[in-house]
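Structural characterization, general
The chain contents come next:
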Amino acid sequence: MICIAMMVAVGVSVVASEEIYNILAIDGGGIRGIIPAGILLKVEKFAYTYCKEKGYTVPVYKNPNDPTKNLELVHLQDVFEMFAGTSTGSIIAAALAYPHPDDKGKQE
């Protein structure tokens, strides 16, 4: 039996010098890396829905395929200050941390 907790991304808040840093740690696992990637996409979509329901303001990004529409998700770059991972998790972490060069659709 595979432990699901080992594959799921974990958010941790760390207090250092009276500042809070949100760190996302992602486990590896070769081809099983598709599981945390899928879960993280669902987290981004859920966070958007949650923020809209509660009336929180979040950065809005234009849909690159249809500039008349917004992406209905919260980028994890806007939530976490640091990304870490092992094996496949480090590749996913690098992709999340590095901004897309064409991501100019952000509206403040």
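Overview of the structure. If you're wondering where the values come from, they're calculated on a predicted model, not measured in any experiment.

A few words on the overall build of the protein. Each helix and strand counted, the protein has three helices and six strands in total. Start at the N end of the protein and walk to the C end: the helices and strands fall as α-β-β-α-β-β-β-α-β. Within the protein, contacts between residues at least 6 apart in sequence are counted, and of these 56% link residues at least 24 apart.

Glancing now at the nonpolar core. Across soluble globular proteins, you tend to see nonpolar side chains buried next to one another. Membership of the largest hydrophobic core is limited to nine residues, which are Leu-24, Ile-26, Leu-40, Leu-76, Phe-80, Phe-83, Ile-92, Ala-93 and Leu-96. Elements represented by at least two residues in this core include exactly strand S2 (19-26) and helix H3 (88-97). Per-element tally for this core: the top contributor is H3, with three residues. Once you skip the residues sitting within four places of it in the chain, Ala-93 turns out to touch Ile-26, Phe-83, Ala-84 and Gly-85.

This part is about the side chain of Glu-44. Here Glu-44 is to be found in helix H2 (residues 34-54). Within the buried set, Glu-44 has no salt-bridge partner at all; the shortest N-O distance to an opposite charge, 8.1 Å, is to Lys-45. Among residues more than four places away in sequence, those in contact with Glu-44 are Leu-73, Val-74, His-75 and Leu-76.

By volume, the second largest pocket amounts to about 150 Å³. Every residue lining the second largest pocket is listed: Ala-37, Leu-40, Leu-41, Glu-44, Leu-71, Leu-73, His-75, Ile-92 and Leu-96. Those elements that provide at least two residues to the lining of the second largest pocket are H2 and H3. The greatest single-element share of the lining of the second largest pocket, amounting to four residues, is contributed by H2. Looking at the lining of the second largest pocket residue by residue, the class counts come to seven nonpolar, one polar and one charged.

This next bit is on H3. Residues spaced three or four apart along an α-helix point in a common direction, a consequence of the helix completing one turn every 3.6 residues. Buried within H3 are the following residues: Thr-88, Gly-89, Ile-92, Ala-93 and Leu-96. Along H3, the residues classed as buried sweep out an arc of 140° about the axis, all on the same side. Exposed and oriented more than 90 degrees from the buried face of H3 are Ile-91 and Ala-95.

What follows deals with the packing of aromatic side chains. Using the criterion set out here, one finds three aromatic pairs in the structure. Geometrically, the ring pair formed by Tyr-50 and Tyr-56 is tilted, given 6.2 Å between the ring centres and 50° between the ring planes. Classification of Tyr-50 by relative accessible area gives partly exposed; the value is 36%. Residue Tyr-56 is classed as partly exposed on the basis of its relative accessible area of 45%. Taken together through their ring pairs, the aromatic side chains of Phe-46, Tyr-50 and Tyr-56 make up a single cluster.

Conventions and cut-offs
- Residues numbered from 1 in each chain as written.
- Predicted model: local features only at pLDDT ≥ 70, side-chain atom pairs only at ≥ 80, totals over all residues.
- Heavy atoms only, no water.
- Helix = DSSP H or I, 4+ residues; strand = E, 2+ residues; numbered from the N terminus.
- Contact = heavy atoms within 4.5 Å.
- Core = buried A, V, L, I, M, F, W, Y, C linked by side-chain atoms within 4.5 Å.
- Buried < 20%, exposed > 50% of the residue type's maximum accessible area, 1.4 Å probe, protein only.
- Lys, Arg positive; Asp, Glu negative; His and termini not counted.
- Salt bridge = Lys/Arg side-chain N within 4 Å of Asp/Glu carboxyl O.
- 1 Å grid on protein atoms, 1.4 Å probe; cavity = no way out; pocket = protein on both sides within 12 Å on 5 of 7 lines; lining within 4 Å.
- Points joined across faces, edges and corners; volume = space filled by probe spheres on them.
- Nonpolar A, V, L, I, M, F, W, Y, C, P; charged D, E, K, R; others polar.
- Arc of directions from axis to C-beta.
- Phe/Tyr/Trp six-rings, centres within 6.5 Å; stacked < 30°, edge-to-face > 60°.

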